[in-house]
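The residues making up each chain are set out below.
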Amino acid sequence: MKATKLIFAAALLLAAACTTSKQASDGILRTQVPARPAGQEHALELTVPALDTVRIGIVGIGMRGASAVSRLSFVPGAKIVALCDVEPDRVEAGRQTLLNRGLPEPAGYSGSEDAYKALCERDDVDLVYICTDWIHHVPVALYAMEHGKNAAIEVPAATSMEDIWALIDKSEQTRKHCMMLENCCYDFYELSCLAMAQAGVFGEILHAEGAYLHYLDPYWDAYWNNWRLDFNRKHEGDVYPTHGLGPVCQVLNIHRGDRFKTLVAMDTKSVNGPLAVRKRTGEDASDFKNGDLTSTLIRTENGKTILIEHGVLTPRPYDRMYQLVGTEGYASKYPIPQICVRRGQIETAAEANHEDLDQEKILSREEIEALQKQYPNPVLTPELEALAKEVGGHGGMDFIMDYRLIYCLRNGLPLDMDVYDLAEWCCLGPLGALSIENGNRPVEVPDFTRGAWNRIQGFSYAFAE
Ligand SMILES: NC(=O)c1ccc[n+]([C@@H]2O[C@H](COP(=O)([O-])OP(=O)(O)OC[C@H]3O[C@@H](n4cnc5c(N)ncnc54)[C@H](O)[C@@H]3O)[C@@H](O)[C@H]2O)c1
């Protein structure tokens, strides 16, 4: 009897060691990397056969889904064939949007949290576009890919390492796209700085910063079933890292010649989080986990650093930081776009006035505009820019993202963002939590490509011949 108990305890310990973190003698925490099943290949530069019209089913027609219905209805070659939400009135509102534009009536699914299954099982859907709360992203995406559909998922697509690996494995097995809808990669300034960085204007980029600093107190009540504040209450780490991380990872060629190696996360104590809950429910909420501000530092294989911040609980101006620090220049976006380059800077001690802290020459608005003209981003044609500004979606960036997704699918091209981008940008949540829970120790970031991070050299967009 005793021996059975001992074997049982040993088995439990082994299972715990496999599913949680391991700590090696170097003090770095490591998570389990599931072996790639035999016969399964990486999904780098994945393509699916070109589609003349991309037939879309949208799941989750809340605030974000409703604007996706409207935006996608303007994208050439996109056709919305089905809508799904737990709440029937949200499906009806989406249907009305399409009918008001004179477009065909979509099929509607609602009434339960499983209603999306019938949408995914349809024969006439090529792309399932997922705008639910965070908990429902992954089950819908997995079911969609299992049923032969490509999946596009709102940010953050996944919030646990298990879910991240499940999406990677499903995309690799089914050879279907699994893209995260990271719209901030398509904002005009970021597009422009990416083109300048690729042309070498800033030299070698050594450090980058990004953030999601947005005071959400006025918005908490707008989310379905209070999902967003609830998630922050239950989780530590940067729970919304991808707006800050996506654009700088494209500049730094992550899994296209460089990769994340380790990260360290730190957060402040929770003050306004519990207050936000108490204000709404009267509950004590002293169990609130997310700090008012979370900072994560990443170091890459090639010796670069990235700082990512998350702060949604304290009153402050909206800010995604977006900063590039290169050997020859610098760019940042907030509160106003600033660029400087070595040329024109004070270079010698004889010229320098140590009392004057404003000597570094920031380019004027006209000079920045001239640089932007000199180094256009190939995605941003004048026609697309005009249409994006007309349709809108955070000033147009959301439309450019949708346009590129549909364009690539219609032309059988790899998408701008693959399932490994999704994994790298989402892992800050669970891995940052692991760091915080273990006294801010460094955590190894797995190579989500499982050995292929150096195969592609440099981030680029695909275009039809
Ligand atoms: N990229 C951006 O700029 C941006 C901006 C805002 C929100 N988002 C993301 O968009 C997503 C949705 O956010 P939101 O602000 O629209 O939230 P929301 O609460 O307004 O909408 C969520 C919707 O999902 C529906 N839903 C939940 N479970 C479902 C299920 N199983 N099947 C069908 N429908 C289901 C709910 O009924 C609700 O209508 C989140 O992932 C969020 O992070 C992205």
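Values in this document were obtained by computation on a predicted structure and should not be read as measured data.

**Describing the layout of surface pockets**
Reasoning step 1: Looking at the largest pocket, its volume works out to about 860 Å³.
Reasoning step 2: Among the elements of the structure, helix H2 (63-72), strand E4 (78-85), helix H5 (134-146) and helix H8 (227-234) are those that each provide at least two residues to the lining of the largest pocket.
Reasoning step 3: With four residues, the single largest contributor to the lining of the largest pocket is H5.
Reasoning step 4: Along the lines of polarity and charge, the residues of the lining of the largest pocket split into 22 nonpolar, 10 polar and eight charged.
Reasoning step 5: Mapping the lining of the largest pocket onto the domain boundaries places at least three of its residues in each of domain 1 (54-181) and domain 2 (185-344 + 358-379 + 418-444).

**Some thoughts on H5**
Each α-helix turn comprises 3.6 residues. Residues three or four places apart therefore point the same way.
Reasoning step 1: In terms of burial, H5 is largely enclosed, as 10 of its 13 residues are buried.
Reasoning step 2: Among all positions in H5, only Trp134, His136, His137, Val138, Val140, Ala141, Leu142, Tyr143, Ala144 and Met145 are buried.
Reasoning step 3: Of the residues flanking the start of H5, the one acting as N-cap is Asp133, its side-chain oxygen 3.2 Å from the backbone nitrogen of Ile135.
Reasoning step 4: Directly after H5, the chain includes Gly148, whose backbone phi takes a positive value near 80°.

**Observations regarding the domain arrangement of the protein**
Reasoning step 1: Each assigned domain of the protein is listed here: domain 1 (54-181) and domain 2 (185-344 + 358-379 + 418-444).
Reasoning step 2: For domain 1 and domain 2, the distance between their C-alpha centroids amounts to 26 Å.
Reasoning step 3: With 25 residues of domain 1 in contact, the opposing surface of domain 2 contributes 20 residues.
Reasoning step 4: Of all residues in domain 1, Met63, Trp134 and Met180 bury the most surface against domain 2, accounting for 30% of the area lost on that side.
Reasoning step 5: In this assembly, domain 1 and domain 2 are joined by zero salt bridges.
Reasoning step 6: If you list the elements that add at least two residues to the side of domain 1 that touches domain 2, you get H5, helix H6 (161-174) and strand E8 (178-180).
Reasoning step 7: Residues belonging to the side of domain 1 that touches domain 2 are distributed by class as follows: 16 nonpolar, four polar and five charged.

**Some points on H8**
Reasoning step 1: In terms of residue burial, H8 counts as a mostly covered element, since six of its eight residues are buried.
Reasoning step 2: Taken residue by residue, H8 has Trp227, Arg228, Leu229, Phe231, Asn232 and Arg233 as its buried positions.
Reasoning step 3: As for H8, its buried residues are in contact with H5, strand E9 (205-213), helix H10 (272-281) and strand E12 (305-311).

**Some points on unusual backbone geometry**
Reasoning step 1: The omega torsion across Val155 and Pro156 is -20°, close enough to zero to call that bond cis.
Reasoning step 2: Tracing the chain through its elements places Pro156 in the loop between strand E7 (150-153) and H6.
Reasoning step 3: For Glu45, which is not a glycine, the phi torsion comes out positive at approximately 55°.
Reasoning step 4: With respect to the secondary-structure elements, Glu45 resides in the loop between strand E2 (29-30) and strand E3 (54-59).
Reasoning step 5: Positive phi outside glycine occurs at Arg175, with the angle close to 60°.
Reasoning step 6: Mapping Arg175 onto the fold places it in the loop between H6 and E8.
Reasoning step 7: What makes Arg175 partly exposed here is its relative accessible area of 31%.

**What to know about the pattern of salt bridges**
Reasoning step 1: Scanning the entire structure with this criterion turns up 33 salt bridges.
Reasoning step 2: Arg404 is paired through a salt bridge with Asp416; the nearest N and O atoms lie 2.7 Å apart. In this pair, Arg404 sits in helix H13 (residues 397-410) while Asp416 sits in the loop between H13 and helix H14 (419-426), placing the two residues 12 residues apart along the sequence. By the burial criterion, Arg404 is buried, and Asp416 matches it.
Reasoning step 3: When salt bridges with common partners are traced through the structure, they connect Arg64, Arg71, Glu154, Asp398 and Asp402 into a single cluster.

What counts and what doesn't
Residues numbered from 1 in each chain as written. Predicted model: local features only at pLDDT ≥ 70, side-chain atom pairs only at ≥ 80, totals over all residues. Heavy atoms only, no water. 1 Å grid on protein atoms, 1.4 Å probe; cavity = no way out; pocket = protein on both sides within 12 Å on 5 of 7 lines; lining within 4 Å. Points joined across faces, edges and corners; volume = space filled by probe spheres on them. Helix = DSSP H or I, 4+ residues; strand = E, 2+ residues; numbered from the N terminus. Nonpolar A, V, L, I, M, F, W, Y, C, P; charged D, E, K, R; others polar. Domains from an automatic or database assignment. Buried < 20%, exposed > 50% of the residue type's maximum accessible area, 1.4 Å probe, protein only. Polar contact = N/O pair within 3.5 Å; in protein donor to acceptor, adjacent residues only side chain to side chain. Contact = heavy atoms within 4.5 Å. Buried area = accessible area lost by both parts, 1.4 Å probe. Salt bridge = Lys/Arg side-chain N within 4 Å of Asp/Glu carboxyl O.

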